[in-house]
Amino acid sequence: MNRNNYVPQIPYGTRDLLPREAKQKRIVEGALAELFSRWGYDEVVTPTFEYMETITLGTGNAIQEHVFKFFDKNNRTLALRPDMTTPIARVAATRFKERPLPLRLFYLTNVFRHEQAQAGRQCEFYQAGIELLGAPGPAADAEIIALAVEAMLEAGLTNFQIGLGQVAFINGLMAESGLTQRDQQKVKYTMVTRDLVGLGEVLAQSDLSQSAREIFQQVPLLHGREDMLRAAYRLVTNEQSRAALDNLADIHKLLTGYGVERYVNFDLGIIRDFDYYTGMVFEVYTPGLGFPLCGGGRYDTMLASFGVPNPATGFALGIERMLLALERQGIDVSVRGKDVYIAWAEGNLAEAIEAAKEYRKTGRRTELALAGCSKTAAEKTANEQGYEELIYIE
Ligand SMILES: N[C@@H](Cc1c[nH]c[nH+]1)C(=O)O
């Protein structure tokens, strides 16, 4: 290879975050970390990669095609974590086995998934998320949703809506209908991708009764406020779907207590793309972004796969998606300029280092010139780089 002709590229679906964006990311992450900790959540950091078996144990086999895999020296398959929910379940089931429940954990980290890359959807991306482990019932789910609302507000976003669904509603319908496992997967896929035409085709090719087909066809249209829940209740007769609707009504009541219900709409067509959800699921949308910027839900069977049966619920928010939404809505994440530039006349470096030490101690962001220069040159640099103050040592 001729070195001179080599144009270095970064891998598909990855991005460099340059100083401005990196700074904004840090500001938003810092605010979220403080928020989560005010709600009693503790941070955890887990390895960037896990054994592939761990990932499939928690997330199911379907995740395989989205996972970046490689091998260790013993030829075991490793996987870059596609999300943090499974690694946290692993930690809870091993290191935290003896801890009293519930456990409240949060994370700020990168995750990796093979995706069609586009703005706001990369193969490596950053998430801020929480997991509430060992808590069944609507109180835990309402806490999660209320905290997701607070997270949006804390990051500076005010124009957003939460779609709240319940996968047990559709699971109840599936169980009742006698759809084959394969057709169930197909129906779910069309719902995840919101492909109504595809859904119609799958249903037409199945051997469902006409009335069952009609109900399935309606599910993606079941969104709205409490009156929609009542209408859905009349539409179904099976216990599981009705219990799912009761659960949503209970969660909604608690959300009213948190004062966040105005952000929430029911949407029974939401089933999310991970297979591990078992109860309420939700997604957060904001104008100008074609995909949810936050999502989560209840996953009561994952911890059992790791040998410690326990209910759990949580969510994750996409940091880049949040930054994109803020930018598209003209909301400023204030990035302060630099504070002090210390320049020096030839021979005064030692003194300049002393001065820099003092300024940094007081918390001011201080940059030290690395070569001596004239005062005029120092003034020019300080102006161009936007420093608030110039110290010139002569
Ligand atoms: N891990 C999920 C979000 C989630 C956290 N807890 C439950 N769900 C995701 O990446 O979308």
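Residues numbered from 1 in each chain as written. Predicted model: local features only at pLDDT ≥ 70, side-chain atom pairs only at ≥ 80, totals over all residues. Heavy atoms only, no water.

- The name recorded for the chain in an unreviewed UniProt entry is ATP phosphoribosyltransferase regulatory subunit, from Sporomusa ovata.
- For the chain, the Subcellular location (unreviewed entry) comment in UniProt is given as "Cytoplasm".
- As recorded by UniProt, the Sequence similarities (unreviewed entry) comment attached to the chain reads in full: "Belongs to the class-II aminoacyl-tRNA synthetase family. HisZ subfamily." (UniProt positions renumbered as here; feature names shortened; annotations may be inferred.)

1. A closer look at unusual backbone geometry
- The peptide bond linking Leu101 to Pro102 adopts the cis configuration, its omega dihedral lying at 0°.
- Here Pro102 shows up in the loop between helix H3 (85-94) and strand E5 (103-112).
- At Asn75, a position not held by glycine, the phi torsion is positive, near 70°.
- Here Asn75 shows up in the loop between strand E3 (69-71) and strand E4 (77-80).
- Unlike most non-glycine residues, Arg272 shows phi in positive territory, near 65°.
- The residue Arg272 is located in the loop between strand E9 (264-267) and strand E10 (280-285) in this model. (Helix = DSSP H or I, 4+ residues; strand = E, 2+ residues; numbered from the N terminus.)

2. Side note on the UniProt feature "domain: Aminoacyl-transfer RNA synthetases class-II family profile" (unreviewed entry) in the chain
- Listed under "domain: Aminoacyl-transfer RNA synthetases class-II family profile" (unreviewed entry) in the UniProt record, and renumbered for this structure, are residues 13-326.
- Span residues 13-326 is 45% helix and 20% strand, its end C-alpha atoms 22 Å apart.

3. What to know about the side chain of Arg298
- Position of Arg298 among the secondary structure elements: in strand E11 (residues 294-298).
- On the basis of relative accessible area, Arg298 is assigned to the buried category, the value being 5%.
- One polar contact links the side chain of Arg298 to the main-chain carbonyl oxygen of Gly137, over a distance of 3.4 Å.
- At 2.9 Å, the side chain of Arg298 forms a polar contact with the side chain of Asp141. (Buried < 20%, exposed > 50% of the residue type's maximum accessible area, 1.4 Å probe, protein only. Polar contact = N/O pair within 3.5 Å; in protein donor to acceptor, adjacent residues only side chain to side chain.)

4. A short note on the layout of surface pockets
- The space that makes up the second largest pocket amounts to roughly 290 Å³.
- As for the second largest pocket, its lining consists of 16 residues, of which Glu21, Gln24, Leu323, Leu324 and Glu327 are closest to the centre. (1 Å grid on protein atoms, 1.4 Å probe; cavity = no way out; pocket = protein on both sides within 12 Å on 5 of 7 lines; lining within 4 Å. Points joined across faces, edges and corners; volume = space filled by probe spheres on them.)

5. Focus on the pattern of salt bridges
- Counted according to the given criterion, the structure contains 17 salt bridges.
- Salt-bridge contacts for Asp300 lead to Arg298; the nearest nitrogen and oxygen are separated by 2.8 Å.
- Given the relative accessible area of 29%, Asp300 is considered partly exposed.
- Linking Lys380 and Glu384 is a salt bridge whose minimum nitrogen-to-oxygen distance equals 3.4 Å. Of the two residues, Lys380 and Glu384 are both situated in helix H14 (residues 375-385); the distance of four residues between them amounts to about one turn of the helix. (Salt bridge = Lys/Arg side-chain N within 4 Å of Asp/Glu carboxyl O.)

6. Examining the sheet that holds E10
- Read across the open sheet, the nine strands follow the order E1-E5-E6-E12-E11-E10-E7-E9-E8; overall the sheet is mixed. In this open sheet, the two edge strands, each paired with only one partner strand, are strand E1 (42-43) and strand E8 (223-224).
- Strands strand E7 (161-166) and E10 of the sheet are contacted by helix H5 (residues 167-177), whose axis makes an angle of about 35° with E7. (Pairing = 2+ DSSP bridges. Contact = heavy atoms within 4.5 Å. Axes fitted to C-alpha atoms, helices over the stretch in contact; angles between N-to-C directions.)

7. A few points about the nonpolar core
- Ranked by internal contacts, the top residues of the largest apolar core, which has 105 residues, are Phe36, Leu164, Phe169, Phe282 and Phe315.
- No other element matches the eleven residues that helix H4 (residues 138-155) contributes to this core.
- Among all residues touching Phe315, those that are not within four sequence positions of it are Phe36, Tyr107, Ala128, Gly129, Ile130, Ile144, Leu147, Ala148, Phe282, Cys294, Gly295 and Gly296.
- By size, the runner-up hydrophobic cluster in this structure holds 17 residues, among which are Val340, Ile342, Ala355 and Ile393. (Core = buried A, V, L, I, M, F, W, Y, C linked by side-chain atoms within 4.5 Å.)

8. Quick word on the environment of Ala355
- Checked against the element boundaries, Ala355 lands in helix H13 (residues 349-361).
- C-alpha of Ala355 to C-alpha of Gly372: the two residues are 17 residues apart in sequence and 15 Å apart in space.
- Setting aside residues up to four positions removed in sequence, Ala355 forms contacts with Ile342 and Ile393.

9. With respect to the sheet that holds strand E14 (residues 366-368)
- Strand order across the open sheet formed by three strands is E14-E13-E15, with parallel pairing between neighbours. The open sheet has two edge strands, E14 and strand E15 (389-393), and neither has a second partner. Adjacent strand axes in the sheet meet at a mean angle of 20° when their direction is disregarded.
- Strand direction decides the pairing type here: strand E13 (residues 340-344) and E14, joined by three bridges, are parallel.

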